[in-house]
Protein chains: 2
Amino acid sequence: MKCDYSLYLVTDRGILKGRSLLQAVEEALAGGVTLVQLREKDICSRDFYQLGLAMKELTARFGVPLLINDRLDIALAVDADGVHIGQEDLPLAVVRRLIGPDKIVGYSVSNPTEARYGEKNGADYLGAGPVYVTSTKKVDIEPLGPAGLRQITAAVSIPVVGIGGINLNNIQKIKNSGLAGVSIVSGILGSDDPGRTARLIRQQWGNV
Amino acid sequence: MKCDYSLYLVTDRGILKGRSLLQAVEEALAGGVTLVQLREKDICSRDFYQLGLAMKELTARFGVPLLINDRLDIALAVDADGVHIGQEDLPLAVVRRLIGPDKIVGYSVSNPTEARYGEKNGADYLGAGPVYVTSTKKVDIEPLGPAGLRQITAAVSIPVVGIGGINLNNIQKIKNSGLAGVSIVSGILGSDDPGRTARLIRQQWGNV
């Protein structure tokens with residue numbers, strides 16, 4: 001499936017500043033987000049499913065693909081456009097086998113070895129991170145920075161998006177790292193105006 | 001799929017008294033458990049998958065089917081014999097569609113209305129409960145008791161197992177409730193000798 005990775009929004013309900021998730025995502029989509037990943041860790045399957053259905057309706061209205069984090073069953077149930085798999089999720093090759101060849105499968109990596117593993121085992125794209133220090137996700141891994149990103153993008157031929165702590169202030173530094181796009185959580189959803197922020201990031205990213 | 005529901009073990013890693021889950025389940029299988037449901041709520045998908053693979057190998061050795069609680073993706077990934085779906089999980093009809101007609105799908109119910117819904121929407125069997133007050137699972141529902149169970153078994157023609165607080169001391173009272181079997185968590189895994197307890201329960205249940 002063809003996919004525009006340039007401005008990839010990953011959700012987090014913990015940073016919404018009183019807005020509903022659907023409202024914030026809609027504003028971000030209006031601002032130019034090209035891909036959405038629904039990430040939920042602490043809700044029951046029924047709520048995840050209902051939210052997934054609503055999110056799919058919303059993203060479809062903007063012609064933007066929806067991926068589901070981790071939960072292949074939710075992705076299948078809401079007929080999402082794909083899944084994003086981390087190192088603590090189901091094995092990549094198992095997910096690819098179960099979801100079939102036509103859906104998007106993304107894979108989180110932190111180094112060139114994991115990146116090559118991802119490319120070899122069926123990932124359509126890689127999420128490389130953390131690029132910078134981030135508060136959204138607790139990780140023990142040293143931030144990659146522009147140099148670490150370049151090592152990863154040089155190791156594979158599939159698209160790579162950077163994730164982790166990317167915002168308007170530091171996005172310029174990773175422009176020449178060979179990325180297909182930037183994946184942003186709090187930089188957009190935690191900002192005062194998700195639509196405006198998405199628009200500004202997209203402008204910055206476009207001005208290569 | 002043909003299935004013997006008479007002594008149905010549901011797992012809970014919180015009540016193991018120092019044993020490993022696989023060890024306790026193996027003892028219970030040796031004691032006569034006829035069906036196993038792997039229930040996990042707080043582990044990552046990767047760990048659930050690995051545990052599911054190990055559990056499947058174990059149950060297969062005893063010729064006993066393995067069901068996975070809630071997580072259809074884990075059930076698919078480890079090729080389990082089916083899933084068990086609660087009221088907070090994916091909708092029953094969606095699960096049946098995704099898992100296909102040949103796997104076992106169980107459904108948790110607390111009253112005749114839910115039971116009829118389950119039968120109509122593709123459940124192979126129903127788990128009716130809580131039969132008695134139980135500490136394993138927090139629920140707001142009044143225990144069914146023998147009379148409540150009879151209302152449920154009378155409402156449907158698919159097999160019904162009772163679950164919740166069943167143990168050697170109270171199993172006699174639900175023998176004439178029309179059940180296909182008893183589903184037990186702490187009554188077996190929380191006992192000092194899971195194998196011996198399973199054997200005794202099976203004897204008690206067999207002596208109808």
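A short tour of the structure in this document, coming up.

What counts, and where the lines are drawn
- Residues numbered from 1 in each chain as written.
- Chains lettered and ligands numbered in written order.
- Predicted model: local features only at pLDDT ≥ 70, side-chain atom pairs only at ≥ 80, totals over all residues.
- Heavy atoms only, no water.
- Helix = DSSP H or I, 4+ residues; strand = E, 2+ residues; numbered from the N terminus.
- Buried < 20%, exposed > 50% of the residue type's maximum accessible area, 1.4 Å probe, protein only.
- Contact = heavy atoms within 4.5 Å.
- Areas by Shrake-Rupley, 256 points an atom, 1.4 Å probe, with all protein chains shown as cover.
- Expected span 1.5 Å × (residues − 1).
- Buried area = accessible area lost by both parts, 1.4 Å probe.
- Salt bridge = Lys/Arg side-chain N within 4 Å of Asp/Glu carboxyl O.
- Polar contact = N/O pair within 3.5 Å; in protein donor to acceptor, adjacent residues only side chain to side chain.
- Nonpolar A, V, L, I, M, F, W, Y, C, P; charged D, E, K, R; others polar.
- Least-squares fit on C-alpha atoms with pLDDT ≥ 70 in both.
- Pairing = 2+ DSSP bridges.
- Right-handed = clockwise from strand over helix to strand, strands pointing away.

**Brief notes about the overall build of chain A**
Link 1 in the chain: Within chain A one finds eight helices and eight strands.
Link 2 in the chain: Overall, chain A is about 40 × 40 × 30 Å in size when its C-alpha atoms are taken along their principal axes.
Link 3 in the chain: A burial count over chain A gives 56% of its 208 residues as buried.
Link 4 in the chain: Contacts in chain A between residues far apart in sequence, at least 24 positions, make up 62% of those at least 6 positions apart.
Link 5 in the chain: Accessible surface, chain A as shown: approximately 8800 Å² in total, 48% of it carbon and sulfur.

**Let's talk about helix α2 (residues 45-61) of chain B**
Link 1 in the chain: The terminal C-alpha atoms of α2 of chain B, which comprises 17 residues, lie 24 Å apart, in line with the 24 Å expected from a rise of 1.5 Å per residue.
Link 2 in the chain: Within the span of α2 of chain B, buried status applies to S45, F48, Y49, L51, G52, M55, L58 and T59 of chain B.
Link 3 in the chain: On its buried side, α2 of chain B packs onto α4 (92-99) of chain A together with α1 (21-30), β2 (35-38), β3 (66-69) and α3 (72-77) of chain B.
Link 4 in the chain: Looking one or two residues beyond α2 of chain B, the residue adopting positive phi is G63 of chain B, at roughly 65 degrees.

**Thoughts on the interface of chain A and chain B**
Link 1 in the chain: With 20 residues of chain A at the interface, the matching set in chain B holds 20 residues.
Link 2 in the chain: Between chain A and chain B lies a buried interface of about 1700 Å² when both sides are counted; carbon and sulfur atoms form 60% of it.
Link 3 in the chain: Sorting the residues of chain A by area buried against chain B places R46, D73 and L90 of chain A first, and these three jointly supply 31% of that buried surface.
Link 4 in the chain: At the junction of chain A with chain B, the criterion picks out two salt bridges.
Link 5 in the chain: D73 of chain A serves as the salt-bridge partner of R71 of chain B, at 3.9 Å between the closest nitrogen and oxygen.
Link 6 in the chain: At the junction of chain A with chain B, the criterion picks out seven residue pairs in polar contact (both at pLDDT 80 or more).
Link 7 in the chain: The set of elements that each furnish at least two residues to the side of chain A that touches chain B consists of α2 (45-61), α3 (72-77) and α4 of chain A.
Link 8 in the chain: Here the side of chain A that touches chain B takes five residues from α3 of chain A, the largest share from any one element.
Link 9 in the chain: Residue composition of the side of chain A that touches chain B, grouped by class: 10 nonpolar, three polar and seven charged.

**Some words on the relation of the copies chain A and chain B**
Link 1 in the chain: Structural alignment of chain A on chain B gives an RMSD of 0.0 Å, achieved by rotating through 180 degrees and translating 0.0 Å along the axis. Overall, the copies show the geometry of a two-fold rotation axis. Using C-alpha coordinates, one finds that chain A approaches the rotation axis most closely at D73 of chain A, a distance of 2.3 Å.
Link 2 in the chain: Both copies share a contact surface, since 100% of the interface residues of chain A are interface residues in chain B too.

**Thoughts on the pairing of β3 of chain B**
Residue and element names in this part refer to chain B.
Link 1 in the chain: Of the two faces of β3, the one lined by L66 and I68 and the one lined by L67 and N69 are each fully buried.
Link 2 in the chain: Bridging between β2 and β3 involves three bridges; their strand directions are parallel. Considered in β3, the bridge of L38 is made with I68.
Link 3 in the chain: Taken together, β2, α2 and β3 constitute a β-α-β crossover, and its handedness is right-handed.
Link 4 in the chain: Crossover handedness for the path β3 to α3 to strand β4 (residues 82-85): right-handed.

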